[in-house]
Amino acid sequence: ATFEFIIVESKGPVGVITLNRPKMLNALSFGVFREIAAAVDDLEADDKIGCILITGSEKAFAAGADIKEMQPKGFIDMFNSDFASIGGDRVARCRKPTIAAVAGYALGGGCELAMMCDIIIAAETAKFGQPEITLGTIPGIGGTQRLTRAIGKSKAMDLCLTGRMMDAAEAERSGLVSRIVPADKLLEEALAAAEKIASMSRPAAAMAKEAINRAFETPLSEGMNVERNLFHSTFALEDRSEGMAAFIEKRKPVNKNR
Ligand code: HXC
């Protein structure tokens, strides 16, 4: 597919989606969300791809949903277009591991898009926030839900009610991001993490992801059940017998399952 607002490349086993509306700080219009969804469809169907990386520019991952596009809309426009589910849902539903590499602003829908990814790697310059309240609205694609689960009630309330931004250090301290890297190393480090993930057994990675995500949807006993069943299933994988054989034979495993 050809895209207007994003750039999609494969770098070895990693599919890279770069948001590309620099003049608007990667504001997320309907079109951008639609393209992200289409790109995830393509990358998920591609056997060569083992991990998906979503990134923006040096100045902004994304400064939120496109305010100029939203301003004239009414309830029925938003309701009928199901604006908030497009794209976002697709990223959250992706079975392959996803990483958000964030430099600069990740605000509103931008912060929410990052939170739909499995891992957030932040440059020192990253700034996260849910400033919707300053526009007379509230987050619509996870800012009150995923953020609360990630950083707890008090901080989520603080961000959503005051609209203030949190820097990379605060975001790491509160558990929103997995690591902080120097800004000029962001892509390199994120790609290295993505390549590492893509080199693992693909079905084992998908199962680990599925099991972790179940932790947000189930009581502990049910989650433990899902984990145990998936763990047992890995014993049907060639990658599992190969992985253990390779350890015993002191060599690198060759993962084959797709
Ligand atoms: C549309 C945007 C935009 C946005 C920036 N721009 N963010 N356009 N939607 N979300 C545009 C500006 O209008 C400006 O265009 C250009 O990008 C550069 O931005 P500046 O404001 O001039 O840059 P700067 O002074 O550096 O300030 C950066 C900023 C600020 C602090 C990030 O742009 C800002 O506050 N943006 C809005 C953040 C926000 O409120 N996001 C939440 C959106 S609501 P011109 O034409 O003037 O050069 C949301 C809801 C999601 O996300 C829920 C459902 C999807």
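Residues numbered from 1 in each chain as written. Predicted model: local features only at pLDDT ≥ 70, side-chain atom pairs only at ≥ 80, totals over all residues. Heavy atoms only, no water.

By the naming in an unreviewed UniProt entry, the protein goes by enoyl-CoA hydratase and is assigned to Bradyrhizobium macuxiense. Per UniProt, the protein carries the Function (unreviewed entry) text "Could possibly oxidize fatty acids using specific components." On record in UniProt, under Sequence similarities (unreviewed entry), the comment for the protein is "Belongs to the enoyl-CoA hydratase/isomerase family." (UniProt positions renumbered as here; feature names shortened; annotations may be inferred.)

Brief notes about the packing of aromatic side chains
A complete count under the given rule lists two aromatic pairs for this structure. Considering the side-chain rings of F75 and F79, the 5.4 Å spacing of their centres and the 20° angle between planes classify their relative orientation as stacked. With a gap of four residues between them, F75 and F79 both fall in helix α3 (residues 75–81), about one helical turn apart. Here F75 matches F79 in class, with each residue exposed. When the centroid spacing of 5.4 Å and the interplanar angle of 75° are considered together, the rings of F231 and F235 count as edge-to-face. Overall, the relative accessible area of 48% leaves F231 in the partly exposed class. (Phe/Tyr/Trp six-rings, centres within 6.5 Å; stacked < 30°, edge-to-face > 60°. Helix = DSSP H or I, 4+ residues; strand = E, 2+ residues; numbered from the N terminus. Buried < 20%, exposed > 50% of the residue type's maximum accessible area, 1.4 Å probe, protein only.)

Looking at the nonpolar core
With 45 residues, the main nonpolar core has I36, F61, V102, L113, I120, F128 and L176 as its most contacted residues. In terms of residue count, the dominant contributor to this core is helix α1 (residues 30–45) (seven residues). When sequence neighbours within four positions are dropped, the list of residues in contact with L176 reads M115, I120, F128, L147, A150, I151, M166 and A171. Core analysis: the next-biggest nonpolar cluster, separate from the first, contains 16 residues, I121, A190, L191 and A194 among them. (Core = buried A, V, L, I, M, F, W, Y, C linked by side-chain atoms within 4.5 Å. Contact = heavy atoms within 4.5 Å.)

With respect to the pattern of salt bridges
Two side chains bearing opposite charge may form a pair once their charged atoms approach each other closely. In this structure the tally under the stated criterion is ten salt bridges. With a shortest N-O distance of 3.5 Å, K48 and D46 are connected by a salt bridge. A salt bridge links D158 to R164, with the shortest nitrogen-to-oxygen separation between them at 3.0 Å. Salt bridges sharing partners connect three or more residues here, namely K155, D158, R164 and E170. (Salt bridge = Lys/Arg side-chain N within 4 Å of Asp/Glu carboxyl O.)

Quick look at the environment of A106
Mapped onto the fold, A106 is located in strand β6 (residues 105–107). When its relative accessible area of 0% is taken as the criterion, A106 is described as buried. C-alpha separation for the pair A106 and A63, spaced 43 residues apart in sequence, amounts to 5.6 Å. If we ignore the near neighbours within four places in the chain, the residues touching A106 are F61, A62, C111, K127, F128 and G129.

Overview of the packing of helix α10 (residues 202–214) against helix α11 (residues 220–233)
Closest axis-to-axis distance for the α10/α11 pair is 9 Å, and the angle between their directions is 175°. One finds that α10 runs roughly antiparallel with respect to α11. Packed against α10, whose contacting residues are M207, E210, A211 and R214, the element α11 presents V226, L230 and S233 at the interface. Broken down by class, the residue content of the contact of α10 with α11 amounts to four nonpolar, one polar and two charged. (Axes fitted to C-alpha atoms, helices over the stretch in contact; angles between N-to-C directions. Parallel < 35°, antiparallel > 145°, perpendicular 65-115°, else oblique. Nonpolar A, V, L, I, M, F, W, Y, C, P; charged D, E, K, R; others polar.)

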